[in-house]
Amino acid sequence: MKKWKIYGLWIGLCEAVGALAGYLSRDGIAAYQAGQTPAISPPGMVFPIVWGILYALMGIGAARVSLQPQGYHQGRGLNLMVIQLAVNFCWPLLFFNLRAYAFSLLWLLMLLGLVIRMALEFYKTDKPAAFAQIPYIIWLCFAAVLNDLVMRMR
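What counts, and where the lines are drawn
- Residues numbered from 1 in each chain as written.
- Predicted model: local features only at pLDDT ≥ 70, side-chain atom pairs only at ≥ 80, totals over all residues.
- Heavy atoms only, no water.
- Helix = DSSP H or I, 4+ residues; strand = E, 2+ residues; numbered from the N terminus.
- Rg over C-alpha atoms; globule rule 2.2 N^0.38 Å.
- Buried < 20%, exposed > 50% of the residue type's maximum accessible area, 1.4 Å probe, protein only.
- Contact = heavy atoms within 4.5 Å.
- Areas by Shrake-Rupley, 256 points an atom, 1.4 Å probe, with all protein chains shown as cover.
- Lys, Arg positive; Asp, Glu negative; His and termini not counted.
- Charge placed at Lys NZ, Arg CZ, Asp CG, Glu CD.
- Core = buried A, V, L, I, M, F, W, Y, C linked by side-chain atoms within 4.5 Å.
- Expected span 1.5 Å × (residues − 1).
- Salt bridge = Lys/Arg side-chain N within 4 Å of Asp/Glu carboxyl O.
- Disulfide = S-S within 2.5 Å.
- Phe/Tyr/Trp six-rings, centres within 6.5 Å; stacked < 30°, edge-to-face > 60°.
- Lys NZ or Arg CZ within 6 Å of the ring centre and 35° of its normal.

Chemist: Before we move on, can you summarise the overall build of the protein chain with the specific residues and values?
Modeler: Counting its secondary structure elements, the protein chain contains seven helices and zero strands. For the protein chain, the succession of helices and strands along the chain, N to C, is α-α-α-α-α-α-α. A compact globule built from 154 residues would reach a C-alpha radius of gyration of about 15 Å, and the protein chain, at 16 Å, matches this within 12%. Counting only C-alpha atoms and orienting by the principal axes, one finds that the protein chain spans roughly 50 × 25 × 20 Å. With 154 residues in all, the protein chain has 40% of them scored as buried. By sequence separation, contacts in the protein chain at least 24 residues apart represent 78% of the contacts at least 6 residues apart. Only carbon and sulfur atoms are counted for the fraction: they give 71% of the accessible area of the protein chain, which is about 8,200 Å². Here the protein chain holds 12 positive side-chain charges and 5 negative ones, and the gap between their average locations is 5 Å.

Encoded structure:
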């Protein structure tokens, strides 16, 4: 039963961070969706669905790693998990609320680097935990393209 508590804790933490970031940036998101967006931008309803799945995968990966025997790579991977989650939290505030498109693109690239490093550390502890981060990495690459297109449009 302890195992499921660990999963619940990590998934709950990730989903809560995402929900709070979404809540705090809701007005900026609404303004963004009401304006001109890049042609490749998905419909607004896609974003919460995708992010909900990605936060769950982050939590599953972190839970799997935290359930492994303690070691250097486990600790490093979980530290990177918490750091990237904090950086992830800030991006929608920078992009949607502050409309700091150039800075948010740099922030997003930093986030991408952190997530790749986290996945590599996860891989050294639990390979499925690392593979669970691949959709997140792909989505961040897509988000960077969208961020760049928005920056160029405005």
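Chemist: Explain the nonpolar core to me, using residue names and the numbers behind them.
Modeler: Soluble globular proteins tend to pack their nonpolar side chains together in the buried interior. Ranked by size, the top nonpolar core spans 39 residues in total, and within it Met-81 and Phe-122 carry the most contacts. Those elements giving two or more residues to this core turn out to be α1 (2-24), α3 (46-66), α4 (72-97), α5 (101-125), α6 (127-131) and α7 (134-153). With ten residues, the top contributor of residues to this core is α5. The residues contacting Phe-122, other than those within four sequence positions of it, are Gly-61, Ala-62, Val-65, Gly-77, Leu-78, Met-81, Lys-127, Ala-129, Ala-130 and Gln-133.

Chemist: Give me α7: which residues, what numbers.
Modeler: With 20 residues, α7 extends 29 Å from end C-alpha to end C-alpha; this agrees with the ideal 28 Å at 1.5 Å per step. If you check which residues of α7 are buried, you get Tyr-136, Ile-137, Trp-139, Leu-140, Ala-143, Ala-144, Leu-146, Asn-147, Asp-148 and Val-150. Looking at the buried side of α7, the elements it contacts are α2 (26-34), α3, α4 and α5.

Chemist: Describe the pattern of salt bridges, and please don't skip the residues or the numbers.
Modeler: On inspection of all chains with the given rule, the structure shows four salt bridges. Arg-76 serves as the salt-bridge partner of Glu-121, at 3.3 Å between the closest nitrogen and oxygen. In this pair, Glu-121 sits in helix α5 while Arg-76 sits in helix α4, placing the two residues 45 residues apart along the sequence. Arg-76 sits in the partly exposed class, given a relative accessible area of 30%.

Chemist: Could you give me a rundown of the state of the cysteines, with the residues and numbers involved?
Modeler: What the rule picks out here adds up to zero disulfides. Free cysteine: Cys-14, not disulfide-bonded; nearest cysteine sulfur from Cys-90 at 15 Å. Look at Cys-14 and you get buried, because its relative accessible area is 0%. Among the cysteines around Cys-141, which has no disulfide bond, Cys-14 carries the closest sulfur, lying 19 Å off.

Chemist: Describe the environment of Ala-129, and please don't skip the residues or the numbers.
Modeler: Looking at the secondary structure, you find Ala-129 in helix α6. Here Ala-129 falls in the buried class, since its relative accessible area comes to 0%. Put simply, Ala-129 and Val-65 are 64 residues apart on the chain and 6.7 Å apart in space, counted from C-alpha to C-alpha. Beyond its immediate chain neighbours, meaning those up to four positions away, Ala-129 contacts Gly-61, Arg-64, Val-65 and Phe-122.

Chemist: Any details on the packing of aromatic side chains? Residues and values, ideally.
Modeler: One pass over the full model with this rule turns up 13 aromatic pairs. With a centroid separation of 5.7 Å and an interplanar angle of 65 degrees, the aromatic rings of Tyr-32 and Phe-95 are classed as edge-to-face. Of this pair, Tyr-32 sits in helix α2 while Phe-95 sits in helix α4, and the two are 63 residues apart along the sequence. The buried category is assigned to Phe-95, whose relative accessible area is 4%. Aromatic rings pair up to connect Tyr-32, Trp-91, Phe-95, Phe-96 and Tyr-101 into one cluster. A cation over an aromatic ring shows up here: Lys-3 above the ring of Trp-4, its NZ or CZ 5.8 Å from the ring centre.

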